[in-house]
Amino acid sequence: MAMTSDDTAGSRERSEGEKETDQEATDQKEDGRGHGDTDVEMVASQGPSPPEGPSGETEEPTKWKGAVIFLCFYGFMASIKPGEPFITPYLLSPEKNLTREQVTNEITPVLTYSYMVVLVPAFLLTDLLRYKPVLVIQGVSQVVIWLILLLCTSLLEMQFMEFFYGITMACRVAYSSYIFSLVSPALYQRVAGYSRSAVLLGVFTSSVLGQLLISFGEVSFYTLSAVSLGFVSFGLTLSVCLPWPKRSLFFNRARLREQKEAAALAARSELDKMNPKEGAASSAAAAPSPCWRDSVFVQMLLEVRNVARRPNLRLWSLWWVFNSTGYYLVLFYVHILWNKVYPATENKNVYNGGVEAASTLLSALTSFGAGYVKIRWDVWSELVIALITALQAGLLLLMGTTDNIWVCYMAYVLFRGFYQFLVPIATFQIASSLTKELCALVFGINTFLGTILKSIINLIFSDRRGLGLDVHAQFLVYFIYYTILTVVYFVCAAVVIVRHYRNQRRGGGGDDLPVASTELRPVAAEAEPLSNGSGAKAQ
């Protein structure tokens, strides 16, 4: 039930600055996101490709800076929901009078099912409707959530509340994608950092504010929910005021290209009138053969299979699917665990907000520090993943067996920090070797597969229609899940490391590699095309 806002998004804000040169070539060739959901500005979709150089920063700087500042302000305000860390204690309080079994086995599982059902439509509608309507839908869903928490008490109504929470999670793709429609490719990396920082700052501020109101203001959970309703209502107002982008990643890009082809066809018809014979021959030779397989989206789907052929891309995609599954299951149920370990009789003794603030801060620090790790990821990725997954498994065992709430708090903070350390590494390793369109699709598919796996695990172990385990038993299941992943990662690491040193002895050599190869870098140097004829790039 830990309704946190820092990850799905996950997921997916990627560093796009490394792909600027490749993007310009792609734009010139074909008219031109996340959860692999970052959008891109289609530079060539409304005219000729821009000249090389820093023109992205000088072209109407006041306009794009103002738009980015407003969007980041929206992201900050939309993340302020001081009652969010206290939803589970509120549901289990006498005001709602719901049992722990109802919250664990009947209410919380709805969130995962809702997210799975809404994720794909939200991903497609975000691009088709150009972001803003999806952000408005997210704002409306947030308002509905807090209205239900304020006005309703029944089990069915709380399940509807979780359904709308799934909608808000799925719609986060619109925010992380929207900002890339405002600037040129040269600025993608910078604005991604701005938007990510705004959300993290909002989540941190929200958690601290909620804890201060509970511990020192001694407000009730009802009042805290009313304060949250005020903030999300303001966020909805801001979403309505956002400008409407003119382009997007897949559908609107194709529409603009069709308009250009129609204009070119009209120009050829004028030539036909002037020179009927040559015009007829050239028209017959150049006549396009429209086919649904030629659409950008379908081409990306056909080329996703190339990702599975690249070992490191395959590894980090699988990590994204399997480890994010366990991570989010822990986030959804950890507040219930805390309530069982320490069923506080007074609201001021509930420290959910402080713990979420600390975990958000540590997550930001570990994500930042990941960029300075210098190892050869093509050799050591499996071992690093195995070690961190093993540590997370130990923390889950500790959370599931301890009777000390402070130990439980600390284990949770570390668990989140370890996961967030690997997120930017996985994002970079996947994104830096793909074109932006394929990258968005890969992240979307990874997220969807992870959501399906979460739903299966929920249905078997958490849902009342399955085993309906209590929260302690569920955390032991998560421990076993992470233990199995750890064993698999260690086996893969052993195979990769042995193969690497065997190749060195045979003369494959790794001793003469440049120093730069030890830094966080694109994983593939082969020239195998991954999308639209663009080869993988090595930094």
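First, a word on what this report is: a plain description of the structure on this page. Everything numeric in this text was worked out from a predicted model, so none of it was measured.

Observations regarding the overall build of the protein
Of the regular secondary structure elements, the protein holds 19 helices and two strands. Taking all 539 residues of the protein together, the buried fraction comes to 55%. With an accessible surface of roughly 22,400 Å², the protein has 66% of that area assigned to carbon and sulfur atoms.

With respect to a positive patch on the surface
A cluster of like positive charges, contributed by R499, R502, R505 and R506, occupies part of the molecular surface. Within the secondary structure, R506 sits in the loop between helix 19 (471–505) and strand 1 (529–531).

Details of unusual backbone geometry
The backbone of N97 sits at a positive phi, close to 60 degrees, despite the residue not being glycine. With respect to the helices and strands, N97 occurs in the loop between helix 4 (87–91) and helix 5 (100–128). On the basis of relative accessibility, which here comes to 64%, the residue N97 falls in the exposed class. Its identity is not glycine, yet E218 carries a phi of approximately 50 degrees, on the positive side.

Regarding the nonpolar core
By size, the foremost hydrophobic cluster in this structure holds 118 residues, and its most contacted members are W316, W319, M399 and F475. Broken down by element, the residue count for this core peaks at 17 residues, all from helix 14 (residues 311–341). Not counting residues within four places of it along the chain, the set of residues in contact with W316 comprises W377, S381, I385, L422, I425, A426, Q429 and I430.

Considering helix 10 (residues 221–241)
The terminal C-alpha atoms of helix 10, which comprises 21 residues, lie 31 Å apart, in line with the 30 Å expected from a rise of 1.5 Å per residue. Three or more residues of helix 10 are buried, namely F221, L224, S225, S228, L229, V232, G235, L236, L238 and S239.

Brief notes about the packing of helix 16 (residues 377–401) against helix 19
Contact geometry for helix 16 and helix 19: axes closest at 7 Å, N-to-C directions at 160 degrees. One way to sum up the angle between helix 16 and helix 19 is to call them roughly antiparallel. Helix 19 is crossed by helix 16, and the crossing has left-handed handedness. Its residues placed into classes, the contact of helix 16 with helix 19 shows 24 nonpolar, eight polar and two charged.

What to know about the packing of helix 14 against helix 17 (residues 405–431)
Packed helix pairs are specified by the crossing angle of their axes together with the interaxial distance, meaning the distance between the axes. Packing of helix 14 against helix 17 brings their axes to within 10 Å, and their N-to-C directions diverge by 160 degrees. In this view, helix 14 runs roughly antiparallel relative to helix 17, as classed from their interaxial angle. Considering the relative orientation of helix 14 and helix 17, their crossing is left-handed. A per-class count over the contact of helix 14 with helix 17 returns 23 nonpolar, seven polar and one charged.

Focus on the environment of Y351
Residue placement: Y351 occurs in the loop between helix 14 and helix 15 (352–370). For the pair Y351 and W338, spaced 13 residues apart in the sequence, the C-alpha separation amounts to 9.6 Å. Apart from the residues within four sequence positions on either side, Y351 is in contact with Q211, S215, W406 and Y409.

Considering the pattern of salt bridges
By the definition in use, this model includes seven salt bridges. A salt bridge links E106 to R464, with the shortest nitrogen-to-oxygen separation between them at 3.6 Å. Of this pair, E106 sits in helix 5 while R464 sits in the loop between helix 18 (436–462) and helix 19; the two residues are 358 residues apart in sequence, bridging distant segments of the chain. Taking relative accessible area as the criterion, R464 reaches 56% and is therefore assigned exposed. Notably, a salt bridge pairs R465 with D463, separated by 2.9 Å at the nearest N-O pair. For R465, a relative accessible area of 65% puts it in the exposed group. Overall, the relative accessible area of 5% leaves D463 in the buried class.

Thoughts on a nonpolar patch on the surface
Taken together, the side chains of L201, F204, L361 and L365 make up a nonpolar region of the molecular surface, amounting to roughly 370 Å² of accessible area. Of all the secondary-structure elements, those providing two or more residues to the nonpolar patch are helix 9 (188–215) and helix 15.

What to know about helix 7 (residues 155–170)
Over its 16 residues, helix 7 extends 23 Å from the first C-alpha to the last, a length consistent with the 22 Å expected when each residue adds 1.5 Å. Those residues of helix 7 not exposed but buried are M158, Q159, M161, E162, Y165, G166, I167, T168, M169 and A170. Elements in contact with the buried residues of helix 7: helix 4, helix 5, helix 6 (132–151), helix 8 (172–178) and helix 14.

Quick look at the side chain of S195
Structurally, S195 is set in helix 9. With sequence-adjacent residues up to four places away left out, S195 is seen in contact with C72, Y175 and I179.

What about the side chain of S381?
By the secondary structure assignment, S381 is in helix 16. Excluding its chain neighbours within four sequence positions, the residues that come into contact with S381 are N312, L315 and W316.

Quick word on the packing of aromatic side chains
Counted under the stated rule, the structure contains 23 aromatic pairs. Ring geometry for Y327 and Y328: centres 5.2 Å apart, planes at 80 degrees, overall edge-to-face. Note on Y327: relative accessible area 0%, which makes it buried. Here Y328 and F332 contribute two aromatic rings whose centre-to-centre distance is 6.2 Å and whose plane-to-plane angle is 40 degrees, an arrangement assigned as tilted. Here the residue Y328 and the residue F332 both occupy positions in helix 14, the gap between them amounting to four residues, near one helical turn. The two residues Y328 and F332 agree in class, both being buried. Pairwise contacts between aromatic rings join W316, W319, W320, Y327, Y328, F332, W377, F415, Y419, F443, Y481 and Y482 into one cluster.

Focus on the environment of G400
Structurally, G400 can be placed in helix 16. Separated by 79 residues in sequence, G400 and F479 have C-alpha atoms that sit 8.4 Å apart. G400 has contacts with H472 and F475, leaving out every residue within four places of it along the chain.

Definitions and limits used
Residues numbered from 1 in each chain as written. Predicted model: local features only at pLDDT ≥ 70, side-chain atom pairs only at ≥ 80, totals over all residues. Heavy atoms only, no water. Helix = DSSP H or I, 4+ residues; strand = E, 2+ residues; numbered from the N terminus. Buried < 20%, exposed > 50% of the residue type's maximum accessible area, 1.4 Å probe, protein only. Areas by Shrake-Rupley, 256 points an atom, 1.4 Å probe, with all protein chains shown as cover. Patch = residues over 30% accessible without salt bridge, like charges linked within 9 Å, V, L, I, M, F, W, Y side chains within 5 Å. Salt bridge = Lys/Arg side-chain N within 4 Å of Asp/Glu carboxyl O. Lys, Arg positive; Asp, Glu negative; His and termini not counted. Charge placed at Lys NZ, Arg CZ, Asp CG, Glu CD. Core = buried A, V, L, I, M, F, W, Y, C linked by side-chain atoms within 4.5 Å. Contact = heavy atoms within 4.5 Å. Expected span 1.5 Å × (residues − 1). Axes fitted to C-alpha atoms, helices over the stretch in contact; angles between N-to-C directions. Parallel < 35°, antiparallel > 145°, perpendicular 65-115°, else oblique. Left-handed = near helix turned anticlockwise from the far one by under 90°. Nonpolar A, V, L, I, M, F, W, Y, C, P; charged D, E, K, R; others polar. Phe/Tyr/Trp six-rings, centres within 6.5 Å; stacked < 30°, edge-to-face > 60°.

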